[in-house]
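# Coordinates in review
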Amino acid sequence: MTIGIIGSGAMGAGIAQVAATAGHPVWLLDQNQTALQQAAQRIRQSLDKLAEKGKLTVEDAAAAFTRIQFTEKQANFADCGLVLEAIVEDLTAKQQVFQEIESVVSVDCLLATNTSSLSITSIAAACQHPERFVGIHFFNPAPLMQLVEVVPAVQTRSGLADEVRALVQSWGKRPVLVQDTPGFIVNRVARPFYGEAIRLLEEGVADAATIDWAMTELGGFRMGPFALTDFIGHDVNYRVTESVWTAFFYDPRYRPSLTQKRLLEAGYYGRKSGRGFYDYAPGAPTPSPTRDEALGQAILHRILAMLINEAADALHLRVATAPDLEVAMTTGVNYPQGLLAWADALGLPRVLHILDDLYHEYHEERYRASPLLRRMAQARQTFFPTEAGATL
């Protein structure tokens, strides 16, 4: 099957590389010839690095590159079996692209978007045949990240999402099936990792270095929330939070932080700008955390309880299955273990107690416990009753 990719930026080029490496002929489309040239260079360099590391043979890397053709013409998509869009996160732009593409491709061609924040259903609504439309959300960098969220629209025909999941799995990825809800799995469930950490900072519970220390040294996360938001960039991280909050009708659980908004307004985007929560200027001192075990455990468990609650509520609302939720958080954002298994290890009554204490203290809906978590905690149940679970 020939694959068509629309948009030759980092995501589009990465997805083209994945499909070509899996053996598909690929058309990579962009209206900007310079962008196409840069994409070709980026893909070649990426394949060469994989060959140097022994993850591909030199011959396979070369063969993958030759399968990709770069074009400015939509007409070359006529024989594609799947066309996937990876352009700017703008609903109108995406709808227009698919309206144009539908006049080129066959009636059997599947259509997909790589959007991370927009409604799959809204994009599909612009199509004459929305039943063939689905979300296929890769994570950056696509050639290296294993997770792919497969998201059917309301209009998607029955069985198509499972077919796409099998296809993506044949590409060597770990696809999960997700409902078309704001943030899908990862960008929804991970919100408290950033938001609750910032709340702790705003309240003066601890400074950024201490909170990062608690989450990495005591919790086993690869990066603390402040180092991670600086790495992602506040221009990206804040916008995702704002998008999820708005899409959930301003649910307080996802409310953005004024502290982060002020960094964005100041142009303090993080590493890319030289300053965020931390100062990255040459010679700037590295702040030292307060290594207080009791304080660190309190920080860890407060943030962790909020994360677990999000995962439990996603399960409660059938956003995804428990196994898919675990795969998404361990492979998409590299959490040290799945949140539901972590809840089992801690004990659901303990997690519920932390949340209820926060709710009684603040009287904010952001701390309301998921009905599923409450029911299971009261019944002394676990999410994975046949598994021993991991330890904290």
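Residues numbered from 1 in each chain as written. Predicted model: local features only at pLDDT ≥ 70, side-chain atom pairs only at ≥ 80, totals over all residues. Heavy atoms only, no water.

Turning next to the overall build of the protein chain. A count of helices and strands for the protein chain gives 17 helices and eight strands. Over its C-alpha trace the protein chain gives a radius of gyration of 22 Å, about what one expects of a compact globule, namely 21 Å for 392 residues. Principal axes of the C-alpha set define a box for the protein chain whose edges measure 60 × 55 × 40 Å. Relative to its 392 residues, the protein chain shows a buried fraction of 53%. Long-range pairs, those at least 24 residues apart, make up 71% of the contacts in the protein chain with a sequence separation of at least 6. By element, 51% of the accessible surface of the protein chain is carried by carbon and sulfur atoms, the whole surface being about 17,400 Å². Across the protein chain, 34 positive and 43 negative side-chain charges occur, with their mean positions spaced 1 Å apart. (Helix = DSSP H or I, 4+ residues; strand = E, 2+ residues; numbered from the N terminus. Rg over C-alpha atoms; globule rule 2.2 N^0.38 Å. Buried < 20%, exposed > 50% of the residue type's maximum accessible area, 1.4 Å probe, protein only. Contact = heavy atoms within 4.5 Å. Areas by Shrake-Rupley, 256 points an atom, 1.4 Å probe, with all protein chains shown as cover. Lys, Arg positive; Asp, Glu negative; His and termini not counted. Charge placed at Lys NZ, Arg CZ, Asp CG, Glu CD.)

What follows is about the side chain of T115. With respect to the secondary-structure elements, T115 resides in the loop between β5 (110–113) and α5 (120–124). Overall, the relative accessible area of 0% leaves T115 in the buried class. Only 3.0 Å separates the side chain of T115 from the backbone nitrogen of L118, close enough to count as a polar contact. If near-sequence neighbours (up to four positions away) are discounted, T115 is found in contact with E89, K94, I120, I123, H137 and F184. (Polar contact = N/O pair within 3.5 Å; in protein donor to acceptor, adjacent residues only side chain to side chain.)

Let us look at helix α3 (residues 58–66). Buried residues of α3: A61, A64 and F65, and no others. The arc enclosing the buried residues of α3, seen along the axis, measures out at 100°, which places them on a common side. Residues of α3 that are exposed and point over 90 degrees away from its buried face: E59 and T66. As for α3, its buried residues are in contact with α1 (10–21), α2 (33–52) and β3 (68–71). (Arc of directions from axis to C-beta.)

The contact between helix α15 (residues 339–346) and helix α16 (residues 348–362) brings their axes to 6 Å, and the two run at 100°. Classified by the angle their axes make, α15 and α16 are roughly perpendicular. Here α15 contributes A343, D344 and L346 to the contact with α16, which in turn contributes L348, R350 and V351. (Axes fitted to C-alpha atoms, helices over the stretch in contact; angles between N-to-C directions. Parallel < 35°, antiparallel > 145°, perpendicular 65-115°, else oblique.)

This next bit is on the environment of G270. For G270, the position within the fold is in the loop between α12 (258–266) and α13 (293–316). Along the sequence, G270 and G233 sit 37 residues apart, while their C-alpha atoms lie 5.3 Å from each other. The contacts of G270, once residues within four sequence positions are left out, are D230, H234, R275, G276 and Y280.

What follows is about the side chain of T113. Along the chain, T113 falls in strand β5. A polar atom in the side chain of T113 sits 2.5 Å from the side chain of E85. Within the structure, T113 has its side chain in polar contact with the backbone nitrogen of T115 (distance 3.1 Å). Beyond its immediate sequence surroundings of up to four residues, T113 is in contact with E85, K94, F98, I120, I123, F133, V134, G135, I136 and H137.

Right, let's get into the packing of aromatic side chains. Applying the stated rule across the entire model yields 12 aromatic pairs. With centroids separated by 6.2 Å and ring planes inclined at 45°, the aromatic side chains of F65 and F70 adopt a geometry described as tilted. Among the residues examined, F65 registers a relative accessible area of 15% and is labelled buried. Look at F70 and you get partly exposed, because its relative accessible area is 27%. Aromatic ring contacts, followed pair by pair, group F193, Y194, F221, Y335 and W342 into a single cluster. The residue whose ring lies beneath R44 is F65, and the NZ or CZ to ring-centre distance is 4.0 Å. Here R199 stacks its cationic end above the ring of Y362, 5.5 Å away from the centre of that ring. (Phe/Tyr/Trp six-rings, centres within 6.5 Å; stacked < 30°, edge-to-face > 60°. Lys NZ or Arg CZ within 6 Å of the ring centre and 35° of its normal.)

All right, on to the confidence of the model for the protein chain then. Looking at the protein chain, pLDDT values average 96 and 98% of them are 70 or higher. In the predicted structure, residues 387–392 sits below a pLDDT of 50 and forms 11 contacts with residues beyond four places in sequence or in another chain. (pLDDT = per-residue confidence, 0-100.)

Further remarks concern the state of the cysteines. Within the structure shown, the criterion is met by zero disulfides. C127 forms no disulfide, and the closest cysteine sulfur to it belongs to C109, at a distance of 11 Å. Residue classification places C127 among the buried positions, given a relative accessible area of 8%. (Disulfide = S-S within 2.5 Å.)

With that settled, consider the sheet that holds strand β2 (residues 26–29). Working definition: the strands of a sheet are paired by backbone hydrogen bonds and lie parallel or antiparallel to each other. The mixed open sheet is built from eight strands, whose spatial order is β3-β2-β1-β4-β5-β6-β7-β8. Since the sheet does not close on itself, it has two edges, and those belong to β3 and β8 (174–177), each with one partner. Between one strand axis and the next, the sheet turns by 25° as a mean value, whatever way the strands run. Of the pairings in the sheet, the one linking strand β1 (residues 3–6) to β2 comprises four bridges and is parallel in character. Pairing of G4 across the sheet is with W27, part of β2. Where α2 meets the sheet, its contacts fall on β2 and β3, and the angle it forms with β3 comes to roughly 160°. (Pairing = 2+ DSSP bridges.)

This part covers the nonpolar core. Residues L339 and F383 are the most contacted members of the largest nonpolar core, which totals 88 residues. The biggest single contributor to this core is α13, with 11 residues. Beyond its immediate sequence surroundings of up to four residues, L339 is in contact with V189, L304, L307, I308, A311, E326 and M329. Formed by 40 residues, the second largest nonpolar core is a distinct cluster that contains A51, L82, F138 and V148. (Core = buried A, V, L, I, M, F, W, Y, C linked by side-chain atoms within 4.5 Å.)

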